[in-house]
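For reference, the chains in residue letters:
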Amino acid sequence: MSSAQSGTWGGARPLMRQLRDLMRSGGSTQERLDRVASLVADDMVAEVCSIYVQRAGEVLELFATKGLKPEAVHSTMLRLGEGIIGDIASRARPLRLADAQGHPNFAYRPETGEEIYRSMLGVPILRAGRVLGVLAVQNKTQRNYSEEEEEALETIAMVLAEIVSVAGIVSADEEKGTESARTMPARLTGLVLHEGLAMGTAVLHERGLVITRVVADDTAAELKRLDEALQDMLSHLDDLVAGSGLSDSGEYQEVIEAYRMFAQDRGWLERIREAIKGGLTAEAATQRVNTDTQARFERVKDPYIRERYADLKDLGDRLLQHLLKPDSQPQKHKLPREAVVIARTLGPAELLDYDTDSLRAVVLEEGSPTSHVSIVARALGVPIVGRCSGLLGRVQAGDFVVVDADNGQVMIRPRQSIRDYFQQAMDVRSARRALFQRLRELPSVTKDGVEVSLHINAGLLVDVPQIADVGAEGIGLYRTEVPFMVRHAFPDVEAQQSLYARIYQLAEGRPVVFRTLDIGGDKPLPYWQVDEEENPAMGWRAIRVGLDRPSLLRGQIRALLRAAAGRELRVMFPMISDVWEFRQAKALLMKELDVHNQDGRPSPRHLQVGAMLEVPGLAWQLPALLREVDFLSLGTNDFFQFFFATDRGNPRLARRYDTLSPGSLAFLRQLSEQAQAAGVPVTVCGEMAGNPLEAMALVACGLRRLSMSPPSVGPVKNMVRSLELAPLEQFAEQLSHSADHSVRAVMRAYAQDRDIAI
Ligand code: PEP
Ligand code: MG
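Presented here is a report on the structure given in the accompanying data block.

Definitions and limits used
- Residues numbered from 1 in each chain as written.
- Chains lettered and ligands numbered in written order.
- Predicted model: local features only at pLDDT ≥ 70, side-chain atom pairs only at ≥ 80, totals over all residues.
- Heavy atoms only, no water.
- Helix = DSSP H or I, 4+ residues; strand = E, 2+ residues; numbered from the N terminus.
- Buried < 20%, exposed > 50% of the residue type's maximum accessible area, 1.4 Å probe, protein only.
- Expected span 1.5 Å × (residues − 1).
- Contact = heavy atoms within 4.5 Å.
- Pairing = 2+ DSSP bridges.
- Axes fitted to C-alpha atoms, helices over the stretch in contact; angles between N-to-C directions.
- Core = buried A, V, L, I, M, F, W, Y, C linked by side-chain atoms within 4.5 Å.
- Donors = N, O, S within 2.8 Å, 3.2 Å for Na, K, Ca; no water.
- Arc of directions from axis to C-beta.
- Lys, Arg positive; Asp, Glu negative; His and termini not counted.
- Salt bridge = Lys/Arg side-chain N within 4 Å of Asp/Glu carboxyl O.
- Polar contact = N/O pair within 3.5 Å; in protein donor to acceptor, adjacent residues only side chain to side chain.
- Phe/Tyr/Trp six-rings, centres within 6.5 Å; stacked < 30°, edge-to-face > 60°.
- Lys NZ or Arg CZ within 6 Å of the ring centre and 35° of its normal.
- Near = heavy atom within 4 Å.
- Areas by Shrake-Rupley, 256 points an atom, 1.4 Å probe, with all protein chains shown as cover.
- Parallel < 35°, antiparallel > 145°, perpendicular 65-115°, else oblique.
- Left-handed = near helix turned anticlockwise from the far one by under 90°.
- Nonpolar A, V, L, I, M, F, W, Y, C, P; charged D, E, K, R; others polar.

## Side note on the environment of Glu 150
Secondary-structure assignment places Glu 150 in helix H4 (residues 147-167). The class for Glu 150 is buried, based on a relative accessible area of 2%. Sequence separation of Glu 150 and Pro 94 is 56 residues, and the distance between their C-alpha atoms is 7.7 Å.

## Here's the deal with helix H13 (residues 416-439)
With 24 residues, H13 should cover 34 Å at 1.5 Å per step; its first-to-last C-alpha distance of 34 Å lies within 8% of that length. Among all positions in H13, only Phe 422, Phe 436 and Leu 439 are buried. The elements touched by buried residues of H13 are strand E9 (197-204), strand E13 (400-404), strand E14 (409-412) and helix H25 (713-721).

## Considerations on the sheet that holds strand E5 (residues 119-127)
The antiparallel open sheet is built from six strands, whose spatial order is E3-E2-E1-E6-E5-E4. Each having just a single partner strand, strand E3 (77-79) and strand E4 (95-97) make up the two edges of the open sheet. Sheet twist, expressed as the average angle between the axes of neighbouring strands with direction ignored, equals 25 degrees. Strand direction decides the pairing type here: E4 and E5, joined by three bridges, are antiparallel. Bridged to Leu 95 within E5 is Gly 122.

## What about the nonpolar core?
Counting 95 residues, the largest nonpolar core has Phe 573 and Leu 706 as the members making the most contacts within it. Every residue in contact with Phe 573, bar those within four places of it in the chain, is listed here: Thr 516, Ile 543, Leu 553, Phe 582, Ala 585, Lys 586, Leu 589, Val 609, Gly 610, Ala 611 and Met 612. In this structure, Val 36, Leu 121, Ile 211 and Met 233 belong to the second largest nonpolar core, which totals 57 residues.

## Considering the coordination of the magnesium ion (ligand 2)
With distances of 2.0 to 2.1 Å, the protein atoms coordinating the magnesium ion (ligand 2) are Glu 614 (OE) and Asp 638 (OD). Of the two residues, Glu 614 is situated in the loop between strand E19 (606-613) and helix H20 (616-619) and Asp 638 in helix H22 (residues 636-643); the sequence distance between them amounts to 24 residues. For the pair Glu 614 and Asp 638, a shared accessibility class is recorded, and that class is buried.

## Let's talk about helix H27 (residues 744-753)
Residues Arg 744, Met 747, Tyr 750 and Ala 751 constitute the buried set of H27. The buried side chains of H27 occupy one side of the element, clustering within an arc of 125 degrees when seen end-on. Along H27, exposed side chains directed more than 90 degrees from the buried face belong to Ala 745, Gln 752 and Asp 753. At its buried positions, H27 is contacted by helix H23 (662-678), helix H24 (692-700) and helix H26 (725-735).

## Quick look at the side chain of Glu 614
For the buried Glu 614, which has no salt bridge, the nearest side chain bearing the opposite charge is Arg 515, at an N-O separation of 4.3 Å. A distance of 2.7 Å separates a polar side-chain atom of Glu 614 from the backbone nitrogen of Met 575. Aside from chain neighbours lying at most four places away, what touches Glu 614 is Arg 515, Pro 574, Met 575, Gly 635, Asp 638, Phe 639 and Phe 642.

## What to know about the sheet that holds E13
Spatially, the eight strands line up as an open sheet ordered E7-E14-E13-E9-E10-E11-E12-E8, and their pairing is mixed. Every interior strand has two partners, whereas the edge strands, strand E7 (186-189) and strand E8 (191-194), have only one. Averaged over all neighbouring strand pairs, the angle between strand axes comes to 30 degrees, with direction disregarded. Sheet analysis places strand E10 (residues 339-343) next to strand E11 (residues 359-364), joined by five bridges and oriented parallel. Within E11, the residue paired with Val 340 across the bridge is Ala 361. Contacting E8, E11 and strand E12 (384-386), helix H11 (residues 372-380) crosses the sheet at an angle of about 55 degrees to E8. Set on the sheet, H13 makes contact with E9, E13 and E14; between it and E9 the angle comes to about 125 degrees.

## As for the packing of aromatic side chains
What the rule picks out here adds up to 15 aromatic pairs. Between Tyr 421 and Phe 422 the ring centres are 5.2 Å apart and the planes differ by 90 degrees, which places this aromatic pair in the edge-to-face class. You can call Tyr 421 exposed: its relative accessible area is 52%. By relative accessible area, Phe 422 is classed as buried at 8%. The rings of Phe 639, Phe 640, Phe 643, Phe 644, Tyr 657 and Phe 667 are connected pair by pair, giving a single aromatic cluster. Over the aromatic face of Phe 400 sits the side chain of Arg 419, whose NZ or CZ is 3.6 Å from the ring centroid. Between Arg 754 and the ring centre of Tyr 750, over which it is positioned, the NZ or CZ distance is 3.7 Å.

## Considering the site of ligand 1
Lining the immediate surroundings of ligand 1 are 13 residues, of which Arg 479, Arg 515, Glu 614, Gly 635 and Asn 637 lie closest. Note that an oxygen atom of ligand 1 is positioned 3.0 Å from one of the side-chain N or O atoms of Glu 614. For ligand 1, an oxygen atom lies 3.1 Å from a polar atom in the backbone of Thr 636. Coverage of ligand 1 by the protein chains reaches 93% of its 290 Å² of free accessible surface. Going through the elements one at a time, strand E16 (475-479) and H22 are the ones with two or more residues in the shell around ligand 1.

## Here we look at the packing of helix H16 (residues 493-507) against helix H18 (residues 550-564)
One can describe the packing of H16 onto H18 by two numbers: an axis separation of 8 Å at closest approach and a directional angle of 45 degrees. Put simply, H16 runs oblique to H18. Of the two elements, H16 crosses H18, and the hand of that crossing is right-handed. The segment H16 lies against H18, with Val 493, Glu 494, Gln 496, Gln 497, Tyr 500, Ala 501 and Tyr 504 engaging Gly 555, Gln 556, Arg 558, Ala 559, Leu 560, Arg 562, Ala 563 and Ala 564. Within the contact of H16 with H18, the residues separate by chemical class into eight nonpolar, four polar and three charged.

## Topic: the pairing of E11
The buried count for E11 comes to five of six residues, which makes it a mostly enclosed element. In terms of strand pairing, E11 meets E12 through two bridges, oriented parallel. Residue pairing in the sheet places Val 362 in a bridge with Ile 384 of E12.

## Let's talk about the pattern of salt bridges
Side-chain pairs of opposite charge can arise whenever the charged atoms involved come near each other. Under the criterion given, the structure shown has 36 salt bridges. The salt bridge partner of Glu 222 is Arg 213, with a shortest N-O separation of 3.1 Å. With a relative accessible area of 5%, Glu 222 lands in the buried category. Look at Arg 213 and you get partly exposed, because its relative accessible area is 35%. Between Asp 399 and Arg 413 there is a salt bridge, and its shortest N-O distance comes to 2.5 Å. One end of the pair, Asp 399, is in the loop between helix H12 (391-394) and E13; the other, Arg 413, is in the loop between E14 and H13, with 14 residues separating them in the sequence. For the residue pair Asp 399 and Arg 413, the accessibility class agrees, reading buried in each case.

## Side note on unusual backbone geometry
Residue Glu 508 is not a glycine yet carries a positive backbone phi of 50 degrees. What makes Glu 508 exposed here is its relative accessible area of 58%. Phi is positive for Met 575, close to 55 degrees, though the residue is something other than glycine. Inspection of the secondary structure puts Met 575 in the loop between strand E18 (568-573) and helix H19 (579-598). A residue is classified by how much of its surface remains accessible, and Met 575, at 1% relative accessible area, is buried.

Here's what the structure looks like:
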C-alpha cells in the first residue's frame, strides 16, 4: 500500500473514536443506526448516507438514512441483485460510481427522492462471510470517490455488522422463512476442474469467525498480537502439510511454498499493520485488508490473477482464526460421512483442513483448472466443479447434493428419481472401474492380434503415477506449459530441470514425450503480459513464441537435456506450420546439445525429436516432414478446429461439423499410410483418442498409438480388445468416400452390431 493510502487510517481515527463512543452509549438499534448514518454523511462530506439491512426472502430494507426522504425508511425494499444496492449485496463487493444513474443496474425508487443524487459509493456489510446489508453514500455532483474513501466506508461497515447482528434485526423465525423458500430442487452448471461423480451432504465452507472487537484501545498490544498469530499460523501450516501425505506430490509443494511467501509478503502485512495503527484491533484490521483484497481482485479481469486471491483469502482467514482463538490449535473440520464442500473459493491448504476420508466432492462459485485448490483436489482424487454462479444463494448446509463433475453439473436437493439415477450411474461406474482394473495388466490388442499402444496425457506431477494405475505404456503428451501456468513467476532452468527429473523418476523407465511450451494465445501466463489478440488460437503461441524468444525455448531444452542425464529423451514441438519451422526449432535443440556435450554432461541415450501436427497446412508437406522427424503427434483438438474452420469454444458451432466425417477419415487414412511408408510412428493425442467410438475410427484408419487423459485408458483398452480390426478397416475405407455429413451414426451401429465396447 502506498504511503498516501496508509495515511487514510490516521484520517479515519477521529471517526473511529466517535463510533467507539457510540457503541458504548445506550439507545435503541434504530437510534444508533440513525446516528451512524449522520456521522458518516458528515465525515465523508456526502449529502446522503443510507443503511440497508437484508431481511427474509432475500430483500434489502432501507433501515436508516441521512439525506433520503424519511418516509422511505422501512418502506423501500430491493431484492437481492436488484439495483445498485442489490448488486453490491448479491456480489458482496463494493462499487464506486461517479455516474450511478448511468449504471445499467440503476433502479429508480421515487419514494426515496434519490434522483437528484448523481454519484454513489456503496460497500457490503459482512459478518463471517455473510452479507447482512449495504452501507452507501451519495452526492449530487459527479464525484469520483477515492480508494481511501472506499476503505474507510468498509471499516465503518464492520462496526455496523456488529450493531446489526447484536440487535438481532433478522429474527430466527425470519431466517427460517428464508430457508423454507430455498427448498426447491435446483441444477447449476459449472466448469469441470477434476472429473468424477459423487453425492453427499452439503457443508458450507465457513470458519464462523465473528469479530466482536473492532476498535482498539492499545495499538502496540494489537501489533504484538498480530506478530504472535502470524508465527503460530506459519508453524501450523507446516504441520498441516507434513501430515497431509501430499508433501511429496510435486507441484503441491510449490503451491504451499508460494503460499508461505504470500504470508511473508510485506505489502499484505504492512497493510494490516497500517490498519491497526489507524485504530483497529488486529482481527478487524486483518478482516478489513481481506475485504479490500477481495475488492481489488474483483476488478482484475485475468482469471489466473483472480485465482491468487483465493490464496490470500485463505491466509487472511487462517490468520483471523489464530487471532480469535489464540490458545486452541486449529482442528480438522469434522464432516458428515459423505460430504460435499461448498465455497466461493478455497485456498490450497483449506481443503486439507477437512477430513479427506469423508470428503466426496467440492463445488465452488469461482475457481479455474489451474487454481491451486484444483491441483490439491486432483492430488486427493476428489471431483471438483468450479465457476458455479449463484451457488451460495441456492444451497444451504445439510442439503443433499449430486455432483456430476464429468459434465460440470451440480444438482441441489434433487428429486428421489434423480438421486436413484445417479446412484445407479455410480454403481455402474464402480463395476466398470473394477473391470478396467482387471484390464490393467492385459495387453491392448485387437481380437485379430493388432497391437494399439495406449499412453496418457499429463500436465502435472500428480498425473504421472497414473501411467501404472491405468495400465498405460507411458506419457504420449506431457504438456510442459501446465506447471508454468500454476506458478507466480517463470521457473528458472534449475527449477525446470528438477521438475523434469522428477517426471523421469515417477515414470519409472516408461517413455515420456515432452512437448515444449505451448504458451501464449489462449494459454496466457499470469506473470507474462502480451498484447491482446483478436484470434488467440491462431495467434502468437507455442513454437511461434519459442522461435521469437529463443532464450525461453533454449532454457527449457537445456533443462530437459540435463534432466534426461543419459536417459532416452523425446522432445516435440507444438503448432509447427511448415518444415522450415521444425528445422529452426530442431537447430536450436542441436545447438543446446552441443553446449551440453561440451560441458561434459552425459548426452541422452537416445534423442528423438518430433513435431505436432495441428496446422492442416503441414499435412501438405508430409513427405518432406517425414524425412526430418523421428515421430509425429496429431493434436486433433487444434487440427480439426482448423480443418473445419470452426472455433471449438463457440457453442453455436459445437454440433455443426463432426470429426467422424468422410473428409476426416480420408485424411487420417492418408496420414497413417504415408507415415507407415516412411517408418515414422504417429501418436494421436487430442481428445478424440480418449473417446472409445472415435478411437475405434482412428484405429480403423491405421493409427496405432493413442494418448489420452488417464481415465480414458480403461474404456479405450476395453474397446480395442473387443475389436476385429480387418473388416472394420474395409468399412472405414468405404465410408471415407461417402458424401455424408457425418459417419458417426453408421460407425456406432457397426460397433453395436458386433459387440464392440464403445
Ligand atoms: C491438441 O491440440 O489436440 C493438443 C493435444 O494440444 P492442446 O490440447 O494442448 O492444445
Ligand atoms: Mg493443441
